[in-house]
Every structure is written in C-alpha cells, then in structure tokens.
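Next come the chains, spelled out residue by residue.
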Amino acid sequence: MTVASGTLSATPKSRGPWATALRRLLRDRAAVFALFIFVLIVVLCLLAPVYAAWANTDPFTSTLDAVVHINGQDVPVMEQSTEGLGLGYTPIGPTWQIGNYFLGADNQGRDVMARLLYGGLNSLLIAGMATVVTLFFATLLGLAAGFFGGIIDTLISRFLDILWAFPVYLLAISLSIVLIAQGLNLGIITIESGSLWLPIFIIGVVYVPYVARPIRGQVLALRESDFVLAAIGLGVPSYRILLRDILPNVSTTLIVFVPIMMALNMITESALSFLSIGVQPPDASWGTIIQDGQNLLYTRPMVALAPGIAIVITVLALNVLGDGLRDALDPRSKIRIGRS
Amino acid sequence: MIFALLQRIAQMLFVMFGISVLVFLIFFATPGTDPAARIAGRNASPEVLEAVRRSFGFDQPMYVQYLTMMKKIFITGDLTSFVNRGWKVVPAVMDTIPVTLSLVFGAAILWVVFALIIGIVAAATRGSWVDKTLMMLGLIGISMPVYWLGEVMNLLSQNRYHDTWIFSWVPPLGYKNFSDDPKGWFLTLVIPWITLSILYIGLYGRVLRAAIVESLQEDYIRTARAKGLSETRILLRHALRTSLVAFVTLFGLDFGALVGGSALLTEVVFGLQGLGKLTYDALLNLDLPIIMTTVLYASFFVVMANAVVDLLYMLLDPRVRTA
C-alpha cells in the first residue's frame, strides 16, 4: 500500500517477517537504548559475587562490629545514635567510595551496595522465570481452549474467568501465606519453603489469565483459517497442527508479552517481598531491601531509595522495550503495559 | 436487555462462588499442609489445635467444611481471630471499609481528571515534544512501585521538607474520620491520594491518547472536518467521545485491581487502617481467619464493582446489549 512496502518488494531478496521486525526494532532508538540499559543492569547484577569478593564483604551475615577506613580514619559501621535518647545504633551512611560501603550499611551492618547487586540478581531471576511459567501455562491453556473448544474450552475459560476476577495481590497473598511456611508438595514437584521457586511459582500463576485470554482469542480465529482447516481435513494429528501451524502464529504475541510481563512481575515480586511474603531472609531482592530500609527511612534514606531507583530504571527499560517490540512485531495488538 | 442483565448477574454469582471455592481450597486443601496448625498459628498447644479442629470441623467432609466456613463469614459473621481470641473478624473488616473507600475514591477523582488532561493534550500535540514528554512521564509513573513512591513521599513530606512551607501542612501519618474532623480527613489523605493516583494517571493518559489518535483516523472525523468544524471541537466532541468508552471499561477493571493491590500497599505505607492494612497486619501475625475474610470480601467487592460497570455500560451503549 505504501511506498515503503513497494521498495521492500523491489529488493531482490525479500526478507522474512522476523528480519523485518528486527530491522524495525533496531530503528527504534528508544527501544535499543532501553535494551542496552537492561543488559547493562543484568551484567552488573551478575557481577555481584565479584563485587562482594573485591569489597571483602559478606552481604548475607550481619557484621555489626565491622570497621570502615575512610580518609585514613577508622569508622565503625554501626555508629552510636545521635538522635533521641542516644540509645541504639545507626548504620553508616553512603561513603560514595566504590567497594567501601558505597551506599552505606543496613540495620545489620551489611554493605547495601553488595546486597543491591545480589538482590537485583534475585529480582531479575524471579521476574524472568515467572514470565516463563506464565507464558508456558498460558500457552498451554490458551491453545487447548481455543483449538479443542467445547467442554474443554468452557472449563478452561470459566477457570480463567475466576482467576481473572481475583485481584492479583490478594491471590498472591493467599497463596504465599499458605506456602511460605510449609512449602509446596505436589507429589512430583516439591518446593522448599525458603526457595526462590515459591515466589516464581506464585507470580507465574497469578498472571496466567492475563496472557491466556488473548492467546485463546487468537487460536480461536486461527482454528477457522483455511490452512488449519486444510490440515484437519488431511488428517494431520492435532498435536502437529498445534505445534507446526498454530504455535508459530501466536509466537509474536508471546514475544511481545515477554518484556511486559517481566516488568509487571518485577513490580509484583518487589511488592510481595516488601510485604515479607516474597523472597525470604537472608536472601535479598530489591523489595526486601526497601523493606529493610523502611525503619531507616528518615536517618539513612539511601537504603530504601537505591533499590527503588533500580526497580524504576529496570521496569522502565522493560516497558520501553515492550513498546518497541509491540510496534515492531505486532503493531495492531491491544496489549497494554502495566496492568496489575 | 433483561436477559443480558440476568446473564451478567448469573456470571457474577458464578465467579463469586468460584473465588470462594478457590480461597477455601488454597487455605484448607493445599497438599502437604495441616490447616488446623496454620489457623492456630505458630507454637499452638495441642488443646488449641484440637479446639480449632473441632470448631472448623476438619473431621467432616470437604463440602461441609466449606459451607460451615461460608456461614461463619457471610451469614452469622461470628468467625473470630485466633491471634486475639474472641475478636470478631467481620465487624473488624466492616470498620476498615470507609477508610479504603475514602482512599480509593479520592485517588480515582484525581486520576480521571489528570489522565483526561494528559491524554487530550498529548493527542492534540501528537508527535511534538510535549506529547513525547507526557508519554515518557506516564511510563515512568507506571514503572514506579507504589509503596516505594509512598516512602519517598513520606521522606519528603514528613521528614526532609516537613519544616518548610511546602509540606508544613501535612499532618502525621494515620487516618481521621470524616465525621469527626473533615479538614483533618482531607489533609491526611492528600499525599496518599497523589501517591496512589500517579500510576493510574500514567496508565490512563497513555491509553486515552492512543484511543483518541486511533479514532482520529475514522471516517466520521473526516466528515466532521469536511463540515468545517474546528479542530478543538472535533477533538473534544467527536474523537474524545468514542475514546471514553475504552476509558470507562478500563476503569471498572482497574478499580478491582486497586482495592485488592495498590490500595493495600498504599495503606501499609501511610498507616491508614483500611482493608489492606488489616490484611497486612494479619499477614504479619499469620492470622488466617482475618486474611481469609478480607480476601473474600475484597474480591467480592471487586467482582460486584465490575458487574456494576458492565451494567452501566449496557445502559449507555445499546450495541453491548445484544452481544
């Protein structure tokens, strides 16, 4: 229709849809920048053990009697409180020296910078794995409901209706309170109570309807398309049609969902950890560090501010990337960013 | 019309039933857990465990247990907390509802007004730096965890800048009843309202802009232009009008997400004794009867709110009635 497509088809070798989408994405400067920032954050968090070793600090045990060298002077990490009655201790504030309590210490004298990096690793891991869990179950349910129809569709759709109407945080809270204490035992799968898989599983499950419903809608339309009807007419087995004909056609939608779900999962994980039903101590995530910083908010605000800023930057990068991916792959889709 | 109405109500009842079963199963039938031990709390004595077993009837079949629990929560309302023995849960939940509604309604007014302004301005200046800045700010608003924003607000308004003219009017954290002290009620809620609404201003501003820009492509807009109407009139009277349909639908959906999520976090950060704060306190004490009740009441409220929005929608838009 447009001049652009005319010139595209005029080139000798026509590019495939993926290459076209990739070119479109790379032309989107905001999306490329966002991708760069996100990769940078991932790399920094992966370097957490290196930082901790170099700073010679253990971010998971309390070190109340540690001493810091600043400008040739020895300063205790926990200073005698100067506020109120002078009772209790206040952790040291930011020194702004890399590898030397850069962002200060928390209530237990642990290096906040090292915890921030380790926490980021957990936050990213949970957000990513929960996305995998969501997309897997959503695809399974969406494909089954849309393709087989009938009683299977009715059962799955009604189940999704119920999950959908259930406020995400309330469902997550209900699941967490039961599972955090005792873990989950489903016969084949056993998840220990302190395991990171618990928040991954919980967050992954609560967002399934959010993805499954649009997938089901697409499969429903594909089911009536000529090439699928032809395959059915030829007697191709259902699993083969699903894998070879239908799955590739919903894959763009799934890819668009990846950064958007990661952003949403990251916010959800941090909120659950903030409510103390996500990542369990001594493990850290950005949410738990914000919670640690809550009691120090007025004296040492950096403990709570730093992980929050990290969340905002990461989620913002993922959302910009999601916007760009949607425009590149699936411009007509109605996928909306940030519903929780 | 009547049929569609009844159908929607039936669907609402089905979803409510489904949620109650789901909550029941999560709390009582998760594999490998003893519900009595959890309800009784940590370090419960054998007598307490036995009392819990008997009062909840864990020896009885599942459906009897389910019916007993529903009766205790919704009909007789005599479910009691196991942490503070004898504390009735249902009246405690009822006490929190005005707080949560005050918070949510105030924030909703803010976010609708500001989202409309942002959406319209961005659509009117689409492609310009004003549009791009507004959309970026909206995205930043969406990307901020609401509880963290609340803490930053507290840090600024209660501590760092509390002694300056900007925030000296901010009262200490907590909730004041509207009937006792309307001015105090308003002042304590201003900062929580702003905190809670920022996410939704970003979300709705972006959605509204997209909807307006899309409807500007429609044929009837071309007709309006051909008639010689001014751009302002086309934008406000023609394009905005159809775009508001999407806006209203979203409102119903997000209202639910709000009562069950963001409001909970906002209440916790600002120490407002609402439904969310009650849930949070129960969470810290592992007070299961309270969590069960708040979860059920909140989700029922959400489901009903969604149904009401759908019904209003049906009244407003004749096309939906037959769908």
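Cut-offs used in this document
Residues numbered from 1 in each chain as written. Chains lettered and ligands numbered in written order. Predicted model: local features only at pLDDT ≥ 70, side-chain atom pairs only at ≥ 80, totals over all residues. Heavy atoms only, no water. Contact = heavy atoms within 4.5 Å. Buried area = accessible area lost by both parts, 1.4 Å probe. Salt bridge = Lys/Arg side-chain N within 4 Å of Asp/Glu carboxyl O. Domains from an automatic or database assignment. Polar contact = N/O pair within 3.5 Å; in protein donor to acceptor, adjacent residues only side chain to side chain. Helix = DSSP H or I, 4+ residues; strand = E, 2+ residues; numbered from the N terminus. Nonpolar A, V, L, I, M, F, W, Y, C, P; charged D, E, K, R; others polar. Core = buried A, V, L, I, M, F, W, Y, C linked by side-chain atoms within 4.5 Å. Buried < 20%, exposed > 50% of the residue type's maximum accessible area, 1.4 Å probe, protein only.

## A word on the interface of chain B and chain A
Thinking step 1. Counting residues at the interface gives 56 residues for chain B and 53 residues for chain A.
Thinking step 2. Carbon and sulfur atoms make up 73% of the surface buried where chain B meets chain A, a total of about 4,700 Å² over both sides.
Thinking step 3. When the buried area of chain B at its contact with chain A is split by residue, B:Tyr147, B:Trp148 and B:Glu151 rank highest and sum to 13% of it.
Thinking step 4. A salt bridge links B:Arg206 to A:Asp323; its shortest N-O distance comes to 2.7 Å.

## A few points about the domain arrangement of chain B
How large an interface is tends to be reported as the accessible area lost when its parts come together.
Residues and elements named next belong to chain B.
Thinking step 1. Domain annotation for chain B reports domain 1 (2-89) and domain 2 (90-322).
Thinking step 2. Distance between the C-alpha centres of domain 1 and domain 2: 32 Å.
Thinking step 3. Summing the contributions of domain 1 and of domain 2, the shared interface buries around 2,600 Å²; its carbon and sulfur component is 81%.
Thinking step 4. Broken down residue by residue, the surface that domain 1 buries against domain 2 is led by Arg-8, Met-16 and Val-89, which jointly contribute 25%.
Thinking step 5. On the surface where domain 1 and domain 2 come into contact, there are zero salt bridges.
Thinking step 6. Where domain 1 packs against domain 2, one counts three residue pairs in polar contact (both at pLDDT 80 or more).
Thinking step 7. When contributions to the side of domain 1 that touches domain 2 are tallied by element, the ones reaching two or more residues are α1 (2-28), α2 (35-40) and α4 (62-75).
Thinking step 8. Here the side of domain 1 that touches domain 2 takes eleven residues from α1, the largest share from any one element.
Thinking step 9. The residue makeup of the side of domain 1 that touches domain 2, split by class, is 20 nonpolar, four polar and five charged.

## Examining the nonpolar core
Thinking step 1. Formed by 203 residues in total, the largest nonpolar core has its most connected members in A:Leu275 and B:Ile19.
Thinking step 2. The residues that make up this core include at least three from each of domain 1 (2-89) and domain 2 (90-322) of chain B.
Thinking step 3. Residues in contact with A:Leu275, not counting those within four places in the same chain, are A:Ile173, B:Leu264, B:Leu265, B:Val268, B:Tyr280 and B:Leu283.
Thinking step 4. A:Val75, A:Ile92, A:Tyr101 and A:Ala105 belong to the second-largest nonpolar core, a separate cluster that totals five residues.

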